[in-house]
Amino acid sequence: GLERLIALMTEQKVGFGFDSKPDLSVIYVDVKQLDFAMQLACKLRMDGVIVDIDYTCKSLKSQFKRADRQRTKYALVIGADEIAKGSAILRDMSTKKESEVELDNINSVIELLCKKK
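An account of the accompanying structure is given in this report.

Quick notes on the pairing of strand β1 (residues 24–28)
Phase 1 of the analysis: Counted residue by residue, β1 has 5 buried out of 5 residues, so it is predominantly covered.
Phase 2 of the analysis: In β1, alternate side chains face the same way, and those of Leu24, Val26 and Tyr28 on one face and Ser25 and Ile27 on the other are all buried.
Phase 3 of the analysis: In terms of strand pairing, β1 meets strand β2 (residues 51–53) through 3 bridges, oriented parallel. Directly across from Val26, in β2, lies its bridge partner Ile53.
Phase 4 of the analysis: In terms of handedness, the path from β1 via helix α2 (residues 34–46) over to β2 forms a crossover that is right-handed.

Topic: the sheet that holds strand β3 (residues 74–78)
Note: strands within a sheet are paired through backbone hydrogen bonds, in either parallel or antiparallel orientation.
Phase 1 of the analysis: Taken in spatial order, the 5 strands of this open sheet run β2-β1-β3-β4-β5, and their pairing is mixed. Edge strands, defined here as strands with exactly one partner in the open sheet, are β2 and β5 (98–102). Neighbouring strand axes in the sheet, compared pairwise and without regard to direction, differ in orientation by 30° on average.
Phase 2 of the analysis: Of the strand pairs in this sheet, strand β4 (residues 87–92) and β5 are connected by 5 bridges, and their pairing is antiparallel. The partner of Ile89 across the bridge, within β5, is Glu100.
Phase 3 of the analysis: Its contacts with the sheet put helix α3 (residues 60–69) on β1, β2, β3 and β4, and the angle it makes with β1 is roughly 175°.

What counts, and where the lines are drawn
- Residues numbered from 1 in each chain as written.
- Predicted model: local features only at pLDDT ≥ 70, side-chain atom pairs only at ≥ 80, totals over all residues.
- Heavy atoms only, no water.
- Buried < 20%, exposed > 50% of the residue type's maximum accessible area, 1.4 Å probe, protein only.
- Helix = DSSP H or I, 4+ residues; strand = E, 2+ residues; numbered from the N terminus.
- Pairing = 2+ DSSP bridges.
- Right-handed = clockwise from strand over helix to strand, strands pointing away.
- Axes fitted to C-alpha atoms, helices over the stretch in contact; angles between N-to-C directions.
- Contact = heavy atoms within 4.5 Å.

This is the structure:
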């Protein structure tokens, strides 16, 4: 059963994928942005980006703490103002530098940044 599958995966050097840290954490300012944030996270995942998002509607501070604990490379902050402008705040979690990015070309920005690290 399961033991044979694990043994075969180990023999073939197939990883389980649990050891990789997220490229990006999608962080939303308010529960009102959760649906938008979930759709964005899903789209990014479909494009091959390892994305983390908190589904429990915790505070902004708690979401940033979670991203730090998981050693996420970048955080993408979504708020009502950002959605209205069609942008988001991209934060480098190691340097804490932030920049505004357009959501229309977020995939290319994320891919470029994640390939650098």
